[in-house]
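In case you want the letters, here they are:
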Amino acid sequence: MQVSEALSTTKAASPQDWPFEVHPLTPKLGAKIAVDLSSDIDDELFGAIYRAFLRYQVLLFGPLDLPPARQVAFGRRFGEVQIHVMNQYHADGFPELYRLSNLDEHGKPSGKHPDRGTLAWHTDGSWRRVTGQATIIYGEVVAGVGGDTYFCDMYGAYERLDASWKARIDNLRAVHNLDFSRTRRHGEDPMTDAQRLATPPADHPVVRTHPETGRDCIYLGDHAEYIVGMPYDEGRALIEQLNAMAVHPDLTYEHHWQAGELLVWDNRCVMHRATAYDPLTQSRVVRRCTVLGEVPVRVRGQPRTA
Ligand SMILES: [Fe+2]
């Protein structure tokens, strides 16, 4: 069943009607919901989960035991699951899963961080023409110190821009490029030629309209390289400034992991980043799948609400 059908068939249109408890994680962003993902999820329940996803932007489940196959199956409820081009991260025979681990073949910390690009604020899959919708990430092993995941609300970031800033960025498009962000943050393990060829840069509106809530939000992050039609350095400076301006402490949720937790977030309206940990003394293993969404667009007109 498509997400739109699940939404239209569910009777649970508002939080008080949802068949699970909801515990907001901050006043603006994120909620823990009490759903047992180890059992099958019928369309009615999934419709309510999806409404919560649109309302809260970040959902927390668990701790629970979530085998890889069930994680992929849950991802497919949201839509088409991405097969990531960086195939060295594929996990457990599932090309839909992407494992970030600092452990060596003996299960000991290797001293090498698996992807330092995750430490900068970004949104998953913005370097594709069809960008990321949900990311679904499961904590197999969590670090005792560091290795947290932070989220910030891009609806609120846009709403807090003053009129002159909104006018300045209203019609801009940014080119997002995985090779740019990867090389910049992760120079010792560059992309292969085949991976580079498979990921041509893609331009997207700097302000996008969420296709389901109708709300406008800033859509940039660390994969954004330059602004179409603007001198390169000027565009770089603007992107860096906006990425910094977009993060507000009161619009941020900082998640400190317990093993077995699952986080699901909407890449269309949040940025996220991991915090550093010591890869020589700490162990951290997470597995992730990302669901593909749509080509970002800016829709002008009357906002809708989810
Ligand atoms: Fe990410």
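Before going into details, it helps to say that this report is about the structure given with it.

Cut-offs and rules
- Residues numbered from 1 in each chain as written.
- Predicted model: local features only at pLDDT ≥ 70, side-chain atom pairs only at ≥ 80, totals over all residues.
- Heavy atoms only, no water.
- Pairing = 2+ DSSP bridges.
- Helix = DSSP H or I, 4+ residues; strand = E, 2+ residues; numbered from the N terminus.
- Axes fitted to C-alpha atoms, helices over the stretch in contact; angles between N-to-C directions.
- Expected span 1.5 Å × (residues − 1).
- Buried < 20%, exposed > 50% of the residue type's maximum accessible area, 1.4 Å probe, protein only.
- Polar contact = N/O pair within 3.5 Å; in protein donor to acceptor, adjacent residues only side chain to side chain.
- 1 Å grid on protein atoms, 1.4 Å probe; cavity = no way out; pocket = protein on both sides within 12 Å on 5 of 7 lines; lining within 4 Å.
- Points joined across faces, edges and corners; volume = space filled by probe spheres on them.
- Nonpolar A, V, L, I, M, F, W, Y, C, P; charged D, E, K, R; others polar.
- Parallel < 35°, antiparallel > 145°, perpendicular 65-115°, else oblique.
- Contact = heavy atoms within 4.5 Å.

## Observations regarding the sheet that holds strand β13 (residues 252-255)
By definition, the strands of a sheet pair up through backbone hydrogen bonds, in either a parallel or an antiparallel sense.
Move 1: Ordered by their spatial adjacency, 3 strands build an open sheet running β13-β7-β15, and the pairing between neighbours is antiparallel. Every other strand in the sheet has two partners, leaving β13 and β15 (270-274) as the edge strands with one partner each. In this sheet, adjacent strand axes meet at a mean angle of 15° when their direction is disregarded.
Move 2: As judged from the 5 bridges shared by strand β7 (residues 149-153) and β15, these two strands associate in the antiparallel manner.

## A short note on helix α2 (residues 43-56)
Because an α-helix completes one turn every 3.6 residues, residues spaced three or four positions apart along the sequence face the same direction.
Move 1: The end-to-end C-alpha distance of α2 is 20 Å, a good match for the 20 Å that 14 residues give at a rise of 1.5 Å each.
Move 2: Buried residues dominate α2, accounting for 10 of its 14 residues.
Move 3: Turning to α2, its buried residues are L45, F46, G47, A48, I49, Y50, A52, F53, L54 and Y56.
Move 4: The residue sitting at the N-terminus of α2 and contributing the capping side-chain oxygen is D42; that oxygen lies 3.3 Å from the backbone nitrogen of E44.
Move 5: Directly beyond the C-terminal end of α2, a positive phi value near 75° is found at Q57.

## Regarding the environment of H113
Move 1: Its place among the elements puts H113 in the loop between β5 (94-101) and β6 (132-141).
Move 2: A distance of 3.0 Å separates a polar atom in the side chain of H113 from the backbone nitrogen of D115.

## Examining empty space enclosed by the protein
Move 1: Applying the stated rule across the entire model yields 3 cavities of 30 Å³ or more.
Move 2: Of the volumes computed, that of the largest cavity is approximately 230 Å³.
Move 3: Mapped by element, the contributors of at least two residues to the lining of the largest cavity are α6 (178-185) and β16 (285-292).
Move 4: Element by element, the count of residues in the lining of the largest cavity is highest for α6, at 4 residues.
Move 5: Classifying every residue of the lining of the largest cavity by side-chain character gives 4 nonpolar, 9 polar and 6 charged.
Move 6: Reported here for the second largest cavity is a volume of approximately 170 Å³.

## A few points about the packing of α2 against helix α3 (residues 68-78)
Move 1: It is the contact of α2 with α3, at a shortest axis distance of 11 Å, that shows an interaxial angle of 75°. Taken together, α2 and α3 sit at an angle that is classed as roughly perpendicular. Across the interface between the two elements, D43, F46, I49, Y50 and F53 of α2 pack against F74, R77 and F78 of α3.
Move 2: Here the residues of the contact of α2 with α3 sort into 6 nonpolar, no polar and 2 charged.

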